Amino acid sequence: MKKNKVIIIGSGLSGLLNGCILSREGFEVTILEKEPEPGGNLKTFRYKNHEFETGVHYAGSLGPGQVLNRYWKYFGLTDRIRVRRLDQNGFDHILIGTEEFQHAQGLDKFSAILEPLFRNATKGLDRYVSALREIASAFPLYNLELPAGHREIQYAAQSARLFFTELDEWKSFNDPSVSMGSVLAGNNFLYAGSPVTPLHVSSLIHHSFISGAYRFVGGSGQIATILADQVRLNGAKIITSGGVVSIDYHDGNFQVKTVSGEIFRAPLLVSSLHPAMTLSMLNPLLLRRSYRQRIESLAGTVSSFILFLTMKPGTFPYFNYNVYYHKNANVWTESELTGDAWPAMYLLSMGCNGNDQKFADVVTLMTYMKFEEVKKWEYTGSGKRGSEYLDFKNDRALRLLDLAGKQFPGLIHAIDHITISTPLTYRDYTGIPEGSLYGIAKDFTRPELTTLTARTKVPGLYFTGQNTNLHGLLGVTIGSVLTSGEIIGLDHLLGKIKNC
Ligand SMILES: Cc1cc2nc3c(=O)[nH]c(=O)nc-3n(C[C@H](O)[C@H](O)[C@H](O)COP(=O)(O)OP(=O)(O)OC[C@H]3O[C@@H](n4cnc5c(N)ncnc54)[C@H](O)[C@@H]3O)c2cc1C
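Since the model is a prediction, treat every value here as computed from it, not as a measurement. Just so you know, the residues in each chain are numbered from 1, in the order the chain's sequence is written. A pLDDT threshold of at least 70 governs which residues receive local features in this predicted model, and a stricter bar of 80 or more applies before side-chain atom pairs are shown or counted, although totals over entire chains, interfaces and linings include all residues.

1. Looking at the overall build of the protein
Alright, step 1. Numbered from the N terminus, helices here are DSSP runs of H or I no shorter than four residues, and strands are runs of E no shorter than two. Each helix and strand in the protein was counted, giving 17 helices and 20 strands.
Alright, step 2. Per-residue burial for the protein yields a buried fraction of 50% across its 500 residues.
Alright, step 3. Of the contacts formed within the protein by residues at least 6 apart in sequence, a portion of 71% connects residues at least 24 apart. Exposure classification rests on a simple neighbour count of other C-beta atoms within 10 Å of a residue's own: a residue reaching 20 or more is buried, one at 12 or fewer is exposed, and one in between is partly exposed. C-beta atoms are placed from the backbone. For every residue pair, C-beta atoms are placed from the backbone, and the pair is scored as a contact if these atoms sit within 7 Å.

Right, dumping it as structure tokens:
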């Protein structure tokens, strides 16, 4: 058995990035993926001849010299992906009740565009922008630097919600019930903002999008295709329809069994699955019960309810921005709503097919949904959940469309077809427990427990993906560098990335 053999479970962004790094470094890599094609959340799906994003709508910091752009150079992505920059004066439009605000790109422009909309806003906006600058600079890997000093730790133990609430003394000119804090956190669906969200999560994510916000022309599936090609070119194997069912350890090797009964062996194992899923497949003798219980007890971020709409040609305009609508300014509790109070917010985003697009081909309407709403169907399979489930989906779809239709009266008549996803759809597609949007919820009251390290208690087993570092394209990229860095040396790897 070669010493440098590694098995990677899952071929989403993290599985492919780790596969890319390790195969380039001479490791013999096998990636095991349960779906028929690699990509996980990067994959687009086809419906009625239209391409839809599953788990990526836009990316931050992809501009020249920006952090994701720099990391992705190493992976051969930067020069090959097709992107369109979102509107610089407003990549996200935040609608609260009848008021509209824009988040612009570039920190100075961001302040300048919001400033006239609030009473005496300069101090509040300066405080926010300075905090974003400081927090972004405190995270070494956000700046392609080696961790040192650990100045960043303090921000993981601070509450994002509290921070934004302190900015509530600045009120909108037109509607004093709308405060600056809720407008700045108006796109907190990006990180499933909840009362436990740490300040560094909201700040790094918001900073990265304000730095530069982009859509993928033709969808984010191109990232998966480019990475999978590279991985294979480096001699690695991607075994699709190869869902892992059990993990054992014998004579210095992990023995990973797939659904077909095939067994793969390697001394190193990198899993991009939710850590509780990984540990549930692992021989219980390899782990202390307390470690397993700790991981199993970690709460996930809330799930989502999504309408994928194909549009009649030439009927609904293409928006080169996203719309985050909120019924009122309570942006931190919307994810908790059920029953008649649901939905109180939505994100309206669109597929992008080029730089001169005039009309929307596909529109995605997303909102939160708690897993409890679909729990009674948890043991049913896709397409076999029964008529009550279909009625539930249709009822919730009508409610969401009703809410969006009030703001965009032309939307409903422009729809050609609708397909619906619930928390069960995401659970079954990505394997994430309860269809959680972004994996384990980071919690500022327990930062050290909710931020998992790549290195585990089992020698040779590493975690990677959105459940370790941060979710999202940037968070997962940095997390993948951390995981592979544990194996080949972070210093060595960062040096190569910086020299690209
Ligand atoms: C609705 C939605 C919208 C989002 N929008 C954005 C956005 O606009 N911008 C952004 O930056 N981020 C966005 N994200 C977050 C981003 O998509 C994820 O954080 C990121 O893609 C996660 O990558 P990953 O590799 O950790 O996990 P995944 O992409 O989930 O990959 C895990 C892989 O493991 C496979 N797998 C599962 N179980 C097994 C098994 N037993 N054996 C083998 N393989 C298995 C899965 O099939 C999958 O391919 C969004 C997420 C969601 C859900």
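2. Quick look at the sheet that holds strand β5 (residues 59–60)
Alright, step 1. Two strands form a pair only when DSSP identifies at least two bridges running between them. Pairing within the open sheet is antiparallel, and its 3 strands lie in the order β5-β9-β6. Taken across any chain shown, the strands that pair with only one partner, and hence form the sheet edges, are β5 and β6 (83–85).
Alright, step 2. Bridge count for β6 against strand β9 (residues 213–216) is 3 bridges, and the pairing is antiparallel. In the sheet register, Arg85 faces β9, and the bridge partner there is Tyr214.

3. Quick look at the site of the ligand
Alright, step 1. For each residue, a C-beta atom is placed from the backbone, and the residue is labelled near a molecule or strand when this atom is within 6 Å of it. With respect to spatial proximity, 34 residues lie near the ligand, and among them Gly10, Gly12, Gly40, Gly431 and Gly465 are the closest.
Alright, step 2. Of all the secondary-structure elements, those providing two or more residues to the shell around the ligand are α1 (13–24), α14 (423–430) and α16 (472–488).
Alright, step 3. Considered class by class, the residues forming the shell around the ligand number 13 nonpolar, 18 polar and 3 charged.
Alright, step 4. Counting only domains with at least three residues in the shell around the ligand, you end up with domain 1 (5–64 + 220–296 + 448–498) and domain 2 (84–217 + 299–435). Lys, Arg, Asp and Glu make up the charged group, whereas Ala, Val, Leu, Ile, Met, Phe, Trp, Tyr, Cys and Pro make up the nonpolar group; the residues left over, Gly among them, are polar. The start and end points of each domain follow an automatic or database-based domain assignment.

4. So, the nonpolar core
Alright, step 1. If you look at the biggest cluster of nonpolar residues, it comprises 139 residues, and the most contacted ones within it are Val6, Ile7, Leu227, Leu269, Tyr346, Val363 and Leu365.
Alright, step 2. Looking at which element gives the most residues to this core, the answer is α16, with 7 residues.
Alright, step 3. Aside from chain neighbours lying at most four places away, what touches Leu269 is Ile7, Ile247, Phe254, Val256, Gly460 and Leu461. Any nonpolar core is a set of buried residues, restricted to Ala, Val, Leu, Ile, Met, Phe, Trp, Tyr and Cys, that join up through C-beta atoms within 7 Å.

5. Some details on the domain arrangement of the protein
Alright, step 1. Domains assigned within the protein are domain 1 (5–64 + 220–296 + 448–498) and domain 2 (84–217 + 299–435).
Alright, step 2. Each of domain 1 and domain 2 was reduced to a C-alpha centroid, and the two centroids are 26 Å apart.
Alright, step 3. On the domain 2 side, the residues contacting the 35 residues of domain 1 number 31 residues.
Alright, step 4. Breaking the side of domain 1 that touches domain 2 down by element, the ones donating at least two residues are β4 (50–53), β5, α10 (275–281), α16 and α17 (490–498).
Alright, step 5. Of the residues belonging to the side of domain 1 that touches domain 2, the class tally is 16 nonpolar, 13 polar and 6 charged.

6. Side note on unusual backbone geometry
Alright, step 1. Here the amide bond leading from Trp342 into Pro343 is cis, since omega sits at -5 degrees, within 30 degrees of zero.
Alright, step 2. Secondary-structure assignment places Pro343 in the loop between β16 (322–326) and β17 (345–350).
Alright, step 3. You will see that Asn49, though not glycine, has its phi angle at about 65 degrees, which is positive.
Alright, step 4. Under the C-beta neighbour-count criterion, Asn49 is labelled exposed, with 8 such atoms within 10 Å.

7. Re the environment of Phe173
Alright, step 1. Residue position: Phe173 is located in the loop between α6 (160–165) and α7 (180–184).
Alright, step 2. Taking the C-beta count within 10 Å as the criterion, Phe173 has 12 such neighbours and is therefore assigned exposed.
Alright, step 3. Spatially, the C-alpha atoms of Phe173 and Gln66 are 34 Å apart, while their sequence positions differ by 107 residues.
Alright, step 4. Each residue touching Phe173, except ones within four places of it in the same chain, is listed here: Leu117, Phe118 and Arg119.

8. Describing α16
Alright, step 1. Expected span, for any helix, means 1.5 Å times one less than how many residues it has. With 17 residues, α16 extends 24 Å between its outermost C-alpha atoms, agreeing within 8% with the 24 Å of an ideal straight helix rising 1.5 Å per residue.
Alright, step 2. Buried residues dominate α16, accounting for 15 of its 17 residues.

9. Things to note about the packing of helix α2 (residues 67–74) against α16
Alright, step 1. Angles shown run from 0 to 180 degrees and are taken between the N-to-C directions of axes, each axis being a line fitted to C-alpha atoms and, for helices, limited to the stretch in contact. Where α2 meets α16, the axes come as close as 10 Å, and the angle between the chain directions of the two elements is 50 degrees. Relative to α16, α2 is oriented oblique. For the element pair α2 and α16, the recorded crossing hand is left-handed. Side by side, α2 and α16 meet where Val67, Leu68 and Tyr71 of the first sit next to Leu473, Leu474, Thr477 and Val481 of the second.
Alright, step 2. In the contact of α2 with α16, the residues fall into 6 nonpolar, 1 polar and no charged. Every angle not falling under 35 degrees, over 145, or within 65 to 115 is termed oblique; those three ranges are roughly parallel, roughly antiparallel and roughly perpendicular. Whether a crossing is left-handed or right-handed is set by the direction in which the near helix is turned from the far one by less than a right angle, anticlockwise for left-handed and clockwise for right-handed.

10. Topic: the sheet that holds strand β14 (residues 268–271)
Alright, step 1. Taken together, the 5 strands give an open sheet; going across it, the order is β10-β2-β1-β14-β20, and neighbouring strands pair in parallel fashion. The sheet is open, and its two edges are formed by β10 (237–239) and β20 (461–463), each paired on a single side. Along the sheet, successive strands turn relative to each other by an average axial angle of 20 degrees, direction set aside.
Alright, step 2. Against the sheet, α1 engages β1 (5–9), β2 (28–32) and β14, with an angle of about 170 degrees to β2.

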